[in-house]
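Reading the structure
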Amino acid sequence: MQTILEQSLQTKFPEIKFVFSEYKNLIEIKFDKKYLTEVALFLKDDPRLSFSMCEDLTAIDWATSNNRFSMIYILFSLSNKFRIKLKVDLEEGEKVDSISAIWNSANWAERETYDMFGIEFNNHPDLRRMYMPEEFEYHPLRKEFPVMGIPGSLSLPK
Amino acid sequence: MKKLVKEDIHPKIIQRLLSSETEISFDDALENEMVLNMGPQHPATHGVLRLVLRLDGETVVACVPELGYLHRGYEKMAENMTYYEFIPHTDRLDYLSPPANNVAFVLACEKLAGLEAPVRANYIRMLVAELTRMGSHLVAIGALAMDVGALTVFLWTLREREKILDLFDIICGARFTTSYTRIGGVAFDVTDEALKLTKNFIDQFEEKIDEIEKLLNSNKIFISRLEGVGVVSAEDAINLGLTGPLLRGSGVEHDLRRATPYLFYNEMDFNVPTYKEGDCLARYFVRCDELRESAKIILQVMDKMPKGEIILNSPKKVLPKKTEIYSKMEELIHDFMIVNYGINPPAGEIYSAVENPKGELGFYIVSKGEGHPWRLKIRSPSFVNLQSLPKLVVGHMLSDVVAIIGSIDPIMGEADK
């Protein structure tokens, strides 16, 4: 499966530099974020791969000054019973393309990522906060947000 | 009751609810389309789920779910505690199936740390996970029946679930928040007596589920309330990322116990029930069939369960026994190190998913080689399944919304994390 994946991606997108790695039976494909939607569409529509399900997507805050965030996409192919992971790096304040038009399941997951990390998504149909109230100013899962919370950041009910 | 005014709903939700040209009056409900706020404190939403509905008469035109009323920030908390400390918190995710969540989390930790639990421990894990599945589905069936007006079934299914909770009391030492599994094994061994009681329970269970089905399957009101309501096609279900009974009710034969076998599910003989219709009734049938399949698995597990160790002997990763801590120096040191600094799995990122009663429960864990996870993402089935709600309810009556929520069976503890 891994060789099929590598071959088909390299032949389809010769201009993109893919980095393949494997850890504990999960293949990771890392590439530049501007190709995200093309690669995602290809992975979904190619009959040999057909990653029809986007199980999860999330971000990681590395708390570093460059490449601060990584976006993680976990895809599952029902026909091949195979799972892969896509990874794209982001700078702080950078936007990434939404994949919610490709997999509808990404819609709320992207809203959650926006809520928790403050990463904004281009072309998202409804980018609101998922859990926290709209008035909340911070993004709780960023590493600089204290575990105890920030006093006064949540207004009391009227 | 206080009247709903425009200021009660956030402008962004209103914007989402209404198309640009609609005229809605909040003052006179009978005049035209109206906005109805359902929840978060509503008996039919199974917890603190809030729906803002736009109604034309009694027909739902648009629906916006609002989550977050039970958000406790578990992902943030997990980054500040050791892997062992997080096990009790998994009880509070899907609070109808704590042992299954425990199993899912320790499997992820073991994958990350490269440990393998003893054979008997893994069989015990399967036993509690399947018992949990039965308990969870019983509540789902009962609550669905109650939502459409059949109260008796709820009492009957809860009576059966009570027996499962009593079994958990004997096996895990707690009825509800079990925290039963440990990294590298389980907390206590199951006694022969407990296995006998489980066997007795399974033996009488078949009859009870027949009774429940007799009450519902020939009930004209129950059938007509659910048939053709909330239909989702197989294609949409996959695209929406639905898992569990919702996906199988739409005719997709996908079960992680089969697709990516974990524990010893590949040695078990069981069917994956699927129905093509994709409506609320199909999901009810899937749950009923899964009850029987789980009973079948439990009998096989008890047959095949070998004697032996229940926890791995790996002093640097697995907590030693209490008696040894008090009598041996080496064990005391290891206990101190594990409790205070954690098990320090090697740096890496893993995703581990299991088939929970509600669907796929996955943990994405990033370790930097420290005692605490750097990032722990919970992929909760209820969260993803709830996402289909706005698509399912549109065009149905207001009373069908209740039935559709019941058939999705969301648990807000898990959806809100």
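Concerning the overall build of chain B
Within chain B, the regular secondary structure consists of 18 helices and eight strands. A globule of 417 residues ought to have a C-alpha radius of gyration of about 22 Å, and chain B, at 23 Å, matches this closely. A principal-axis box enclosing the C-alpha atoms of chain B has dimensions of 80 × 45 × 40 Å. Per-residue burial for chain B yields a buried fraction of 62% across its 417 residues. Here chain B displays about 16200 Å² of accessible surface, and carbon together with sulfur accounts for 55% of that area. Distance from the positive charge centre (47 side chains) to the negative charge centre (59 side chains) of chain B: 3 Å.

Quick look at the sheet that holds strand 2 (residues 50-56) of chain B
Residues and elements named next belong to chain B. Strand order in the open sheet formed by three strands is 1-2-3, with antiparallel pairing between adjacent strands. A strand with exactly one partner marks an edge of an open sheet, and here the two such strands are strand 1 (34-38) and strand 3 (59-66). On average, adjacent strands in this sheet sit at an angle of 20° to one another, irrespective of strand direction. Pairing of strand 1 with strand 2, which is carried by five bridges, proceeds in the antiparallel orientation. From the neighbouring strand, Val35 faces strand 2, where its bridge partner is Arg54.

Quick notes on the packing of aromatic side chains
According to the stated counting rule, one finds 21 aromatic pairs over all chains in the structure shown. One residue, Lys143 of chain A, lies across the ring of Trp374 of chain B, its end atom 4.0 Å from the ring centre. In this arrangement the basic side chain of Lys368 of chain B is found over the ring face of Trp374 of chain B, its NZ or CZ atom lying 3.9 Å from the centre.

Focus on the interface of chain B and chain A
Size of an interface: often given as the accessible area lost when the parts come together. Taken residue by residue, the interface counts 53 residues in chain B and 50 residues in chain A. For the chain B and chain A pair, buried surface summed over both sides reaches about 4200 Å², with 57% attributable to carbon and sulfur atoms. Connecting chain B to chain A are 21 residue pairs in polar contact (both at pLDDT 80 or more). Broken down by element, the residue count for the side of chain B that touches chain A peaks at five residues, all from strand 6 (residues 348-356) of chain B. Tallied by class, the residues present in the side of chain B that touches chain A amount to 24 nonpolar, twelve polar and 17 charged.

A closer look at a nonpolar patch on the surface
Residue and element names in this part refer to chain B. Nonpolar side chains collect at one region of the surface, where Met329, Leu332, Ile333, Phe336, Met337 and Tyr341 lie side by side and expose about 620 Å² of accessible area between them. Structurally, Met337 can be placed in helix 14 (residues 329-341). The class for Met337 is partly exposed, based on a relative accessible area of 40%.

Observations concerning the side chain of Lys208 of chain B
Residues and elements named next belong to chain B. In this fold, Lys208 is placed in helix 7 (residues 192-217). Summary of buried charges: Lys208 has no salt-bridge partner, and the nearest side chain of opposite charge, Glu160, is 4.8 Å away. Lys208 has contacts with Arg159, Glu160 and Lys163, leaving out every residue within four places of it along the chain.

Details of the environment of Ala129 of chain B
Residues and elements named next belong to chain B. Looking at where Ala129 falls in the secondary structure, it is placed in helix 5 (residues 119-147). The exposure class assigned to Ala129 is buried, which follows from its relative accessible area of 9%. A sequence separation of 31 residues divides Ala129 from Pro98, and the C-alpha atoms of the two residues are 8.9 Å apart.

A short note on the pairing of strand 5 (residues 82-90) of chain A
Residue and element names in this part refer to chain A. Taken across its nine residues, strand 5 has seven buried, putting it largely inside the fold. Sheet topology places strand 2 (residues 26-30) next to strand 5; four bridges connect them, and they run parallel. Bridging across to strand 5, Ile29 finds its partner in Leu86. Note: strand 4 (residues 69-77) against strand 5, nine bridges, orientation antiparallel. Counted as the bridge partner of Leu75 is Ile84 from strand 5. What sits between strand 4 and strand 5 in their antiparallel hairpin is a turn of four residues, with Lys81 showing a positive phi close to 50°.

Observations regarding the domain arrangement of chain B
Taken as a whole, chain B is organised into domain 1 (6-66) and domain 2 (74-312 + 346-379). One C-alpha centre belongs to domain 1 of chain B, the other to domain 2 of chain B; they are set 34 Å apart.

A closer look at the side chain of Glu66 of chain B
Position of Glu66 of chain B relative to the elements: it lies in strand 3. For Glu66 of chain B, a relative accessible area of 13% translates into the label buried. Within polar-contact distance, the side chain of Glu66 of chain B engages the side chain of Arg128 of chain A at 2.7 Å. Those residues in contact with Glu66 of chain B, other than ones at most four positions away along the chain, are Arg111 and Arg128 of chain A together with Ile13, Leu49 and Arg50 of chain B.

Thoughts on the pairing of strand 6 of chain B
Consecutive side chains along a regular strand alternate between the two faces of the sheet. Residue and element names in this part refer to chain B. The buried fraction of strand 6 amounts to nine of the nine residues, a majority that puts the element mostly inside the structure. Because side chains alternate across strand 6, one face comprises the buried residues Gly348, Ile350, Ser352, Val354 and Asn356, and the other comprises Glu349, Tyr351, Ala353 and Glu355, equally buried. Here nine bridges tie strand 6 to strand 7 (residues 359-367), and the two strands are oriented antiparallel to one another. By the bridge assignment, Ser352 is partnered in strand 7 with Phe363. The turn linking strand 6 back onto strand 7 is made up of two residues.

Details of helix 3 (residues 83-91) of chain B
All names here are of chain B. Most of helix 3 is tucked away: seven of the nine residues are buried. Taken together, the buried positions of helix 3 are occupied by Tyr83, Tyr84, Phe86, Ile87, His89, Thr90 and Asp91. The elements touched by buried residues of helix 3 are helix 2 (74-78), helix 4 (98-113), strand 4 (181-182), helix 14, strand 7 and strand 8 (375-379).

Calculation criteria
Within every chain, residues take consecutive numbers counted from 1 along the sequence as written. Whichever chain is written first is A, and whichever ligand is written first is 1; the rest continue in order. In keeping with the model being predicted, local features are shown solely for residues with a pLDDT of at least 70 and side-chain atom pairs are shown and tallied solely at 80 or more, while totals for entire chains, interfaces and linings include all residues. Hydrogen atoms and water are omitted, and side-chain values are computed over all heavy atoms in the structure. Here a strand is any run of E in DSSP of at least two residues, a helix any run of H or I of at least four, and the numbering for each starts at the N terminus. Values of the radius of gyration come from C-alpha atoms, whereas the globule rule sets the reference at 2.2 Å times the count of residues to the power 0.38. Only protein chains enter the accessibility calculation, which uses a 1.4 Å probe; a residue is then buried when its area is under 20% of its type maximum, exposed when over 50%, and partly exposed in between. Only the protein chains shown count as cover for residues, and the accessible areas themselves come from Shrake-Rupley with a 1.4 Å probe. His is not counted, nor are the chain ends; Lys and Arg add positive charge and Asp and Glu add negative charge. For the purpose of locating charges, the reference atoms are NZ of Lys, CZ of Arg, CG of Asp and CD of Glu. By definition, two strands form a pair when at least two bridges between them are found by DSSP. Whenever a helix is involved, its axis is fitted only over the stretch in contact; in every case the axis is a line through C-alpha atoms, and angles between N-to-C directions fall within 0 to 180 degrees. Stacked, edge-to-face and tilted labels apply to pairs of Phe, Tyr and Trp rings (six-membered ring for Trp) whose centres lie within 6.5 Å, assigned for plane angles under 30 degrees, over 60, and everything in between, in that order. Charge-over-ring placement is defined geometrically: NZ (Lys) or CZ (Arg) within 6 Å of the ring centre, and within 35 degrees of the ring normal. Every residue pair with non-hydrogen atoms within 4.5 Å of one another is taken to be in contact. Summed over both partners, the accessible surface that disappears when two parts come together, traced with a 1.4 Å probe, is what is meant by buried area. Two N or O atoms form a polar contact when they lie within 3.5 Å of each other; inside protein one atom must be a possible hydrogen donor and the other a possible acceptor, and for residues adjacent in sequence the pair counts only when both atoms belong to side chains. Basically, the charged four are Asp, Glu, Lys and Arg, the nonpolar ten are Ala, Val, Leu, Ile, Met, Phe, Trp, Tyr, Cys and Pro, and anything else, Gly included, counts as polar. Any residue with relative accessible area above 30% and no salt bridge may belong to a patch, with like charges joined within 9 Å and the nonpolar Val, Leu, Ile, Met, Phe, Trp and Tyr side chains within 5 Å. Whenever a carboxyl oxygen of Asp or Glu lies within 4 Å of a side-chain nitrogen of Lys or Arg, that contact is scored as a salt bridge. Where each domain starts and ends follows an automatic or database-derived domain assignment.

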